[in-house]
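Here is how the chains run, residue by residue.
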Amino acid sequence: MRSPLLAKSYDRKDFKHGPPDFALLTQHSRDVAAACRALADVIGPAALEAAALDAGELERFATTLRLCGWMQDVGKANSDFQAMVHDQPQIEQLVRHETISGFLVWLDPAIRRWLAPMEELLMVATWGALGHHRKFDDQACMNQGAALTVHAAHEDFATLLRDMAADLGLPAPPRFERDFTIGRSRRDGADRAAGPMRQQMVDDFREAEADFEDERLRRFVALVKGLGIAADVAASAVARRHVMAARYSLPEFIARSLSTRLTRSELTGLVHRWAWKTYDGRAPVDLSQLPPGFGYRPFQEHVAASPSRLTLAEAGCGSGKSVAAYLWAREWCARREISGAPGFRLFFCLPTTGTTTEHFKDYALEADVPAELVHSRASVDLHTLATTAEQEEDDDAGDGGGRSNGAASAKNALRAERDKIEALALWDARIAVTTADTVLGLMANARRALCALPAIVQSAIVFDEIHAFDDHLFGHLLVFLKNFPGIPVLLMTASLPEARRRALAEVRPDVHVVPGPADLETLPRYCLAEAESSEACWPEIDDCLRGGGKVLWVRNRVEWANAVYRKAIGRFPEVGVDVYHSRLRYRDRSRRHRRVIDRFKRAGMPAFLVATQVAEMSLDLSADLLVTDEASVPALIQRLGRLNRRATPTSPGSPKRALIVPVTANEALPYGAEEIEASRVWRSNLAKLGRALHQRDLSEQFASVASAHAIDYAAAEEAAVFLGVPERSGLWRTRPGSTRGAGYTVTVLLARDVAAHRRDHGDSVPAAEWLREHEVAIPIKQAVLGWPRVAGLPVAPEDAVVYDYDESTGEGTGARWRES
């Protein structure tokens with residue numbers, strides 16, 4: 001009797017009596033197909049509406065997606081792949097398994113005749129199957145190696161085809177009497193030649209591209225490919241979690257996760273909670289209503305009442321854009337509730353610095369979003385996925401068909417698993433506070449965005465601070481808006497260059513613009529000064545604190561912030577001094593966050609905060625003196641938004657000082673040299689105004705130094721490989737495009753916390769809430785790849801990572817690598 005065919009590897013020590021269900025090719029294929037069916041049932045209508053496709057296409061779409069799901073792993077029935085998942089994980093496969101799937105369904109005469117009833121859908125489904133690991137295009141290469149054997153005569157292969165026939169209503173499948181071989185060419189003595197077959201497929205696909213000039217057809221293809229990838233990930237995660245098929249149901253998991261609905265009452269409660277938090281009167285807290293005297297600004301009400309699915313709110317810091325966004329989302333909740341949509345959520349997307357994504361959690365803290373709204377209730381418990389081998393994992397950098405070295409491959413595998421699990425956690429989170437790349441990465445076939453696609457099409461989306469998007473990301477935004485006109489989107493910014501404003505109007509003439517309140521934006525607030533050095537700033541800091549003032553010093557790197565913090569503690573023993581950055585456990589960061597806000601609220605009491613870029617978006621405080629390292633213009637505008645923030649037309653006060661500390665070329669990171677130079681030109685232009693500055697000064701001068709060139713939408717469309725352009729990108733080609741890096745940190749648990757959990761709870765897997773409270777970010781190093789893992793998170797040994805935090809005082813600088 002032949003050994004069963006596998007789709008996934010498994011630990012033989014854990015399963016001594018044979019492979020578990022999740023590892024079997026037959027069961028995994030059933031699971032992926034079931035996931036495809038469930039996704040079409042649950043979010044198919046929302047996906048078609050999001051892409052402005054005819055609702056009458058639903059049946060064709062659902063069948064194409066299921067056909068894609070069944071076809072994805074047919075090619076795993078080959079000797080190279082089976083050797084890889086059994087005991088040779090580093091074997092060099094002649095061709096990847098999804099390419100063999102393409103050979104079988106597109107070129108095998110017997111299978112092609114059997115699939116004739118699906119001929120109209122076959123090409124798109126084949127493109128989806130070939131691309132489900134994002135490694136197929138005209139550069140997909142063959143490796144050197146001996147011919148492989150396709151186990152077509154294996155009973156598991158026959159079972160897979162029979163199951164596929166039963167699900168899709170096809171006639172009885174062909175039966176193969178013998179296995180056959182595939183070599184590089186016929187000269188190898190093989191039954192079939194991979195090179196000519198690959199070329200035949202590519203030629204057929206190129207010839208068909210002309211039929212997809214209509215962008216709606218390309219959207220259909222992209223949705224099939226994207227949801228096919230999401231189905232495969234969900235099937236792997238759920239099956240691995242529960243091991244045996246009798247213990248899980250993919251349709252139930254998908255229906256439960258994607259039926260999550262954010263409600264109007266929840267958003268009302270969120271806004272009320274925020275309003276009461278800012279209230280300083282004597283009335284007792286009543287979350288069923290707003291505090292006495294509290295009212296929404298006309299600007300906020302105008303944003304909420306926008307009649308369009310695309311709204312642009314252009315207003316400075318402190319104008320109330322965040323509340324406006326939640327009021328806008330509340331109106332869309334009401335509309336979705338009326339329409340009976342099965343699921344609805346809010347994506348609140350912020351620009352990333354490229355160094356860390358940890359501070360986005362703090363935005364939810366500052367907005368006082370309840371944890372149960374932001375964090376997944378079920379999906380986060382899927383701690384690991386069923387996998388094959390490191391070389392099988394898709395890589396957001398793309399590999400050109402080549403091979404990575406072992407260390408890089410292992411790191412890619414770790415990132416792949418993390419991205420997939422975190423994306424699945426978005427499926428049932430009612431509010432997702434995340435980076436813009438989590439959504440716009442979809443345009444680049446980014447792994448996390450593709451896995452999050454089922455949630456994205458059910459959402460309303462806020463993109464905040466879009467002036468901080470580089471040209472490439474802004475291009476992705478334009479293509480996303482053009483091709484998903486059914487998704488409600490709110491764009492928010494302090495200022496937008498005219499070229500970008502025109503580009504938005506060209507792709508979406510329905511954009512509704514809401515300007516900020518003029519009386520707030522023209523209020524003199526700031527006096528900028530160039531400091532000679534960081535040391536030269538201390539006398540002015542001394543003066544401010546002696547007068548009971550509040551000082552905010554923003555540094556570009558964590559280690560710089562820690563150094564200033566330690567010096568300030570020694571210099572000002574009677575002053576409340578804090579440091580705030582992402583290297584604290586979430587529970588400690590939450591405590592520090594509350595303390596910082598409270599200290600800055602106390603009138604007449606000096607306070608000193610040293611922070612990193614997290615201060616740009618996650619701290620609603622007002623300083624009397626700002627000290628900041630040089631940074632990009634968008635970053636400095638955000639930092640200035642924390643200076644003299646409470647000034648109003650009725651209580652303007654006097655403008656406050658901001659000291660800009662120079663950085664050398666070697667110290668510019670995380671900003672580029674061009675960004676620092678543009679910042680210097682911007683500040684020079686502001687200085688020439690010769691007066692105190694208001695927010696519109698900042699935005700108008702930013703517009704003057706921002707690139708004035710027209711946005712090349714054709715180039716952006718070609719770069720958006722998720723949709724693609726015939727004969728150039730996308731469609732049958734599926735590779736990761738260019739996107740911004742996920743940063744240089746990794747989320748870990750501390751060994752001491754894991755040990756404490758085991759003392760209290762034994763070997764049980766920590767609950768999602770415990771994980772959230774105890775996770776901490778550290779700079780990523782190669783050593784992390786070898787650490788043990790709990791619930792999918794690496795556990796940092798005490799001899800590798802120091803965690804400085806005093807539970808009794810709340811003091812400390814957080815996590816850092818031990819010096820070797």
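Because the structure is predicted, anything quoted here is derived from the model rather than measured. (Residues numbered from 1 in each chain as written. Predicted model: local features only at pLDDT ≥ 70, side-chain atom pairs only at ≥ 80, totals over all residues. Heavy atoms only, no water.)

**Some details on the overall build of the protein**
Our working definition: Runs of E in the DSSP output that reach at least two residues are strands. Runs of H or I that reach at least four are helices, and both are numbered from the N terminus. For the radius of gyration, the atom set is restricted to C-alpha positions; the globular benchmark scales as 2.2 Å times the number of residues to the power 0.38. Whether a residue is buried, partly exposed or exposed follows from its accessible area with a 1.4 Å probe, protein chains only, as a fraction of its type maximum: under 20%, in between, or over 50%, in that order. Any two residues whose heavy atoms approach within 4.5 Å at even a single point are treated as in contact. Methods summary: accessible areas were calculated by the Shrake-Rupley approach with a probe of 1.4 Å, and residue burial reflects only the protein chains presented. In this tally, Asp and Glu contribute negative charge and Lys and Arg positive charge; neither His nor the terminal groups of the chain are included. The atoms used to mark charge sites are NZ of Lys, CZ of Arg, CG of Asp and CD of Glu.
Of the regular secondary structure elements, the protein holds 31 helices and 21 strands. Computed over C-alpha atoms, the radius of gyration of the protein comes to 28 Å, within 12% of the 28 Å expected from 2.2 N^0.38 for 820 residues, which places it in the range of a compact globule. Counting only C-alpha atoms and orienting by the principal axes, one finds that the protein spans roughly 90 × 60 × 55 Å. Taken across its 820 residues, the protein has 60% of its residues classed as buried. Of the contacts formed within the protein by residues at least 6 apart in sequence, a portion of 78% connects residues at least 24 apart. Split by element, the accessible area of the protein, about 30,900 Å² in all, is 50% carbon and sulfur. For the protein, the centre of its 101 positive side-chain charges and the centre of its 110 negative side-chain charges are spaced 3 Å apart.

**Topic: the pattern of salt bridges**
Convention followed: Salt bridges are defined by distance alone: a side-chain nitrogen of Lys or Arg within 4 Å of a carboxyl oxygen of Asp or Glu.
The tally for this structure, following the rule as stated, stands at 47 salt bridges. A salt bridge links Arg-508 to Asp-510; the nearest nitrogen and oxygen atoms lie 2.8 Å apart. When salt bridges with common partners are traced through the structure, they connect Glu-530, Glu-630, Arg-680 and Arg-683 into a single cluster.

**Observations concerning the packing of aromatic side chains**
In plain terms, the rule: Side-chain rings of Phe, Tyr and Trp, where Trp is taken by its six-membered ring, are said to pair if the distance between their centres is within 6.5 Å; with planes under 30 degrees apart they count as stacked, over 60 as edge-to-face, and otherwise as tilted. Geometrically, a charge over a ring is one whose NZ (Lys) or CZ (Arg) sits within 6 Å of the ring centre while staying within 35 degrees of the ring normal.
Scanning all chains against the criterion turns up 23 aromatic pairs. Put simply, the rings of Trp-106, Trp-127, Phe-136, Phe-205, Phe-212 and Trp-732 pair up and form one aromatic cluster. Note that Arg-12 overlies the ring of Tyr-10, its terminal NZ or CZ placed 4.0 Å from the centroid. The ring of Phe-220 carries the charged tip of Arg-60 above its face, separated from the ring centre by 4.3 Å.

**Describing the confidence of the model for the protein**
Threshold: Residue-level confidence of the predictor is summarised by pLDDT, bounded by 0 at the bottom and 100 at the top.
A residue-level look at the protein finds 91% of positions with pLDDT of 70 or above and a mean pLDDT of 88. Scored below 50 in pLDDT, residues 375–383 shows 32 contacts in the model against residues more than four places distant or in partner chains. Counted against residues more than four places away or in other chains, residues 397–404, with its pLDDT under 50, gives 16 contacts.

**As for the sheet that holds strand E9 (residues 512–515)**
Strands in a sheet are paired, the pairing made by backbone hydrogen bonds, and the direction either parallel or antiparallel. The condition is simple: For two strands to count as paired, DSSP must find a minimum of two bridges between them. In this description, a line fitted to the C-alpha atoms serves as the axis of each element, helices being fitted only across the stretch in contact, and the angle between N-to-C directions of two axes falls anywhere from 0 to 180 degrees.
Taken in spatial order, the six strands line up as E6-E5-E7-E8-E4-E9 in an open sheet, and their pairing is parallel. Both edges of this open sheet fall to strand E6 (431–435) and E9, since each of them pairs with a single strand only. Adjacent strand axes in the sheet meet at a mean angle of 15° when their direction is disregarded. Examined bridge by bridge, strand E5 (residues 345–350) and strand E7 (residues 459–463) share five bridges and lie parallel to one another.

**Digging into the nonpolar core**
Soluble globular proteins tend to pack their nonpolar side chains together in the buried interior. Stated precisely, the cut-off is as follows: Working definition of a nonpolar core: buried Ala, Val, Leu, Ile, Met, Phe, Trp, Tyr and Cys residues. They are joined through side-chain atoms within 4.5 Å.
Counting 148 residues, the largest nonpolar core has Leu-67, Trp-427, Ile-461, Phe-463, Phe-480, Phe-484 and Leu-491 as the members making the most contacts within it. Dropping the residues within four chain positions of it, Phe-484 is found in contact with Ala-50, Ala-51, Leu-223, Leu-442, Met-443, Arg-508 and Phe-722. Counting 35 residues, the second largest nonpolar core, distinct from the first, contains Phe-600, Leu-626, Phe-702 and Ala-706.

**Concerning unusual backbone geometry**
Among all residues except glycine, the phi angle is most often negative; among peptide bonds, the trans geometry is most common. Its identity as a non-glycine residue notwithstanding, Asn-445 has a phi of 55°, on the positive side. Mapped onto the elements, Asn-445 comes out in the loop between helix H17 (436–440) and helix H18 (447–456).

**Thoughts on the environment of Glu-155**
Along the polypeptide, Glu-155 turns up in helix H7 (residues 155–168). Among the residues examined, Glu-155 registers a relative accessible area of 37% and is labelled partly exposed. When the C-alpha positions of Glu-155 and Phe-176 are compared, they lie 9.7 Å apart, and in sequence the two are 21 residues distant.

**Focus: the environment of Arg-330**
Counting through the fold element by element, Arg-330 comes out in helix H13 (residues 321–339). Owing to a relative accessible area of 13%, Arg-330 belongs among the buried residues under this scheme. Note: C-alpha distance between Arg-330 and Ala-751 (421 residues apart in sequence) is 42 Å.

**Regarding the sheet that holds strand E19 (residues 793–796)**
Pairing is mixed in the open sheet, where four strands are placed in the order E17-E16-E19-E18. Each end of this open sheet is capped by a strand with a single partner; those strands are strand E17 (776–779) and strand E18 (789–790). The sheet contact formed by strand E16 (residues 745–750) and E19 spans two bridges and is parallel. What sits directly across from Leu-749, in E19, is Val-795. Across the face of the sheet, helix H30 (residues 751–761) comes into contact with E16, E18 and E19 while running at roughly 40° to E16.

**Quick look at the environment of Pro-454**
Locating Pro-454 in the fold gives a position in helix H18. For the pair Pro-454 and Arg-256, spaced 198 residues apart in sequence, the C-alpha separation works out to 13 Å.

**Some details on helix H19 (residues 471–483)**
Side chains three or four residues apart in an α-helix point the same way, a direct result of the helix having 3.6 residues per turn. As a reminder of what qualifies: To estimate how far a helix should reach, multiply one less than its number of residues by 1.5 Å. In protein, a polar contact means a hydrogen-donor-capable atom and an acceptor-capable atom, both N or O and within 3.5 Å, with residues adjacent in sequence counting only if both atoms are side-chain atoms; elsewhere, any N or O pair within 3.5 Å suffices.
Between the first and last C-alpha of H19 there are 18 Å, a value that for 13 residues agrees with the 18 Å anticipated at 1.5 Å per step. Counting buried residues along H19, ten of its 13 residues qualify, which places the element largely inside the surrounding structure. Listed as buried for H19 are Leu-473, Phe-474, Gly-475, His-476, Leu-477, Leu-478, Val-479, Phe-480, Leu-481 and Asn-483. Looking at where H19 begins, the residue whose side-chain oxygen comes 3.2 Å from the main-chain nitrogen of His-472 is Asp-470.

**Observations concerning the pairing of strand E12 (residues 576–580)**
Quick reminder of the rule: Convention used here: a crossover is right-handed provided that the path from the first strand, over the helix, to the second strand proceeds clockwise when the strands point away from the viewer.
Taking burial as the measure, the five residues of E12 include five buried ones, the bulk of the element. Both faces of E12 are covered, namely the face carrying Gly-576, Asp-578 and Tyr-580 and the face carrying Val-577 and Val-579. Two elements, E12 and strand E13 (residues 607–611), share five bridges in a ladder whose sense is parallel. Counterpart to Gly-576 in the pairing with E13 is Ala-607. Between the parallel elements E12 and E13, the chain passes through helix H24 (residues 586–601) in a crossover that is right-handed.

**Side note on the state of the cysteines**
Applied cut-off: Here, the term disulfide refers to a pair of cysteine sulfur atoms separated by no more than 2.5 Å.
By the definition in use, this model includes zero disulfides. For Cys-36, which is in no disulfide, the shortest distance to another cysteine sulfur is to Cys-68 and amounts to 5.9 Å. Classification of Cys-36 as buried rests on a relative accessible area of 0%. A disulfide-free cysteine, Cys-333 has its sulfur positioned 16 Å from the sulfur of Cys-349, the nearest such atom. Taking the relative accessible area as the measure of exposure, Cys-333 reaches 0% and is therefore buried.

**Side note on H30**
Put simply, the test is: Directions pointing from the helix axis toward each C-beta atom define the arc.
Listed in full, the buried residues belonging to H30 are Asp-753, Val-754 and His-757. Each buried residue of H30 sits inside an arc of 100° when the element is viewed along its axis, so together they form one side. Looking at the buried positions of H30, the neighbouring elements they touch are E16, helix H31 (768–774), E18 and E19. With its phi angle positive at about 70°, Gly-762 sits one or two positions after the end of H30.

**A closer look at the packing of helix H4 (residues 97–107) against helix H6 (residues 119–130)**
Basically, it comes down to this: Between 65 and 115 degrees an angle is taken as roughly perpendicular, under 35 as roughly parallel, over 145 as roughly antiparallel, and anywhere else as oblique. Two helices crossing with the near one rotated counterclockwise from the far one by less than a right angle form a left-handed crossing, whereas a clockwise rotation gives a right-handed crossing. Gly is put with the polar residues, along with every residue not named as nonpolar or charged; the nonpolar set is Ala, Val, Leu, Ile, Met, Phe, Trp, Tyr, Cys and Pro, and the charged set is Asp, Glu, Lys and Arg.
Their axes nearest at 8 Å, the elements H4 and H6 cross at an angle of 160°. Between H4 and H6, the angle is such that the two are roughly antiparallel. With respect to the hand of their crossing, H4 and H6 are arranged in right-handed fashion. Each of Glu-98, Thr-99, Gly-102, Val-105 and Trp-106 in H4 lies in contact with H6, whose residues at this interface are Leu-122, Met-123, Thr-126, Ala-129 and Leu-130. Of the residues in the contact of H4 with H6, the class split is six nonpolar, three polar and one charged.

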